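# Descriptive structure summary
Below are the chains, spelled out letter by letter.
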Amino acid sequence: MIKVITYGTFDLLHQGHVNILKRAKALGDYLYVGVTTENYDVSRGKINVRQSLMERIEGVKATGIADEVFPEEYVGQKIDDIKRNNIDVFVIGSDWEGKFDYLREYCKVIYLPRTEGVSSSMLRSDDTIVIGTVGSDPSMEKLIAVSRDIDGIEMGRAVFDEEYRVKNSLFDTVYGSYDELLKDVDAVYVAARPQKRYDYVKKALLCGKHVICNSPVVLSSAQCRELFSIAEKNKLQLFDSIKTAYLLSFSRLILIVKGGAIGDVKSIDVTCSSLEYIDWIKDTEYFNSFTDWGAIALLPVLKILGVEPKSIRFAALDSESIANAFTKISMEYDSAFATINMGLGVKSEGDLRISGTKGYIYVPAPWWKSEYFEIRYEDSSLNKPHYYKSDNEGLSMELVHFVRCVRENENNFYVDKKITTAVSSIMEMMTRDL
Ligand code: CTP
């Protein structure tokens, strides 16, 4: 019996997939098909797959051509699969010409010509979501550059609300007014200063547009509740763009802590600091270390200890001379403490420590974009490093997730409404107390 194997993502199954499966099967008697998992796809830079692993596996099975369908989860698995199943022929499309020659050591390798004129990327691009940008925050440059590599998203339209500080070449169309932009888009990315965000978000939602907004979305809890209620009534997404939340390593860290790996959490110590963008923000009221860093710094605390601390205290240095502010927050929960240090125009070790009754987790600086963390115990031989690759500091995943939530009308589980609302009410308390 001649055994044949092939691999692919098989997203939105199309004729090209069916053709290669048929031709692969025709080369032998028994066909194995490996379908890539989401994590494996992310690690090789393919991040915007539309269907889940189960849906894609079911799609391949439904063709009735494959005899066995299984997930492909890690680099090097092909060799394992080929050896374990005594495979005779490895088949793949000609877009991979030469890439799998190393498998010739184990079996015959055949590259088959691709079917012309169809691909999963093309199908994903058929219903492109247009996201216009409003504001002039330098952070928009990164997000827009990242969007270029994600099919199904178009982010080339913008309106600037201040002196131009973002690279013009990034945009295809620059509009004269926000109203004009809103007419031409499905969604808006609000990259404006904190105190302008409420008006932009509200207007977009009232015009029936989905919103993705830099954090903090607003500086008051009443405004936050109002915006979410408009969004919900109109079945629109209001997405809080705290990019750390979309980092694979950060979401794994949260699961590991909740799974009890370090026992009961007793203390969280967070530091965030930067010297970046000082020129842009120094003349602005309400733009300080807390409005700049607060949402990110609060994220691990609110996710792990919850959104209802028993008490919260603030202290700030230089809160009048905005650019150099340094803010400290002390939070007390029923049986845990959190301490947050935030500096803008001050530099410090930006690490994160989560201490528990069995051990602690250490995330090195800059923790908010780290792909690495360590679980540490008193017996250091038990320490466990964790590494999870993310593309572009979580930005790609954020955009992909936004578009998925828009299409499927799903809730954003990376940053849920409770977190955004808690951040806005803590912002409000801080502005009142300082
Ligand atoms: N394939 C093919 N003809 C096509 C598209 C895909 O023969 N028109 C083959 C690929 O060469 C590969 C298998 O089908 O051997 C699975 O490919 P996959 O990457 O899942 O599909 P694509 O449509 O190429 O996906 P994308 O557009 O995301 O790259």
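Up top is the structure these notes are about.
My aim in this report is to walk through the structure given alongside it, one point at a time. Not measured: the values here are computed from a predicted model.

Rules of the game
- Residues numbered from 1 in each chain as written.
- Predicted model: local features only at pLDDT ≥ 70, side-chain atom pairs only at ≥ 80, totals over all residues.
- Heavy atoms only, no water.
- Near = heavy atom within 4 Å.
- Polar contact = N/O pair within 3.5 Å; in protein donor to acceptor, adjacent residues only side chain to side chain.
- Areas by Shrake-Rupley, 256 points an atom, 1.4 Å probe, with all protein chains shown as cover.
- Nonpolar A, V, L, I, M, F, W, Y, C, P; charged D, E, K, R; others polar.
- Salt bridge = Lys/Arg side-chain N within 4 Å of Asp/Glu carboxyl O.
- Helix = DSSP H or I, 4+ residues; strand = E, 2+ residues; numbered from the N terminus.
- Buried < 20%, exposed > 50% of the residue type's maximum accessible area, 1.4 Å probe, protein only.
- Pairing = 2+ DSSP bridges.
- Axes fitted to C-alpha atoms, helices over the stretch in contact; angles between N-to-C directions.
- Contact = heavy atoms within 4.5 Å.

## What to know about the site of the ligand
In the neighbourhood of the ligand, 18 residues make up the surrounding shell, with Phe10, Asp95, Val118, Ser120 and Ser121 lying closest. Taking Thr9, its main chain carries an N or O atom lying 3.0 Å from an oxygen atom of the ligand. One of the side-chain nitrogen or oxygen atoms of Asp95 is found 2.6 Å away from an oxygen atom of the ligand. Burial of the ligand by the surrounding chains reaches 93%, relative to a free accessible area of 570 Å². Across the shell around the ligand, the residue classes tally to 4 nonpolar, 10 polar and 4 charged.

## What to know about the pattern of salt bridges
Going through the model one piece at a time under the given rule, you end up with 21 salt bridges. Of the charged contacts, one joins Arg124 and Asp151 as a salt bridge, the two residues approaching to 3.0 Å between their closest N and O atoms. Placement of the pair is Arg124 in helix α5 (residues 120–125) and Asp151 in the loop between α6 (139–147) and β7 (153–154), with a sequence separation of 27 residues. Judged by relative accessible area, Arg124 falls into the buried class, the value being 2%. The partner of Lys243 in a salt bridge is Glu393, and the shortest N-O contact between them spans 3.8 Å. Placement of Lys243 in the loop between β12 (238–241) and α10 (248–258) and of Glu393 in the loop between β20 (384–387) and α13 (395–408) is noted, with a sequence separation of 150 residues between them. According to the relative accessible area criterion, Lys243 is partly exposed, its value standing at 22%. Overall, Glu393 belongs to the partly exposed group, its relative accessible area being 24%. Each of Lys142, Lys243, Lys369 and Glu393 takes part in salt bridges that share partners, so that together they form one network.

## Some words on the sheet that holds strand β5 (residues 108–112)
Within the open sheet, the 5 strands sit side by side as β3-β2-β1-β4-β5. Their pairing is parallel. Bordering the open sheet on either side are β3 (68–72) and β5, each of which pairs with just one other strand. For this sheet the average axis-to-axis angle between neighbouring strands, irrespective of direction, equals 25°. Sheet analysis places strand β1 (residues 3–8) next to strand β4 (residues 89–93), joined by 3 bridges and oriented parallel. If you follow Thr6 over to β4, its bridge partner there is Val91. Of the strands in this sheet, β2 (30–36) and β3 touch helix α3 (residues 53–62), which is tilted by about 160° from β2.

These values are about where atoms sit, not about what they do.
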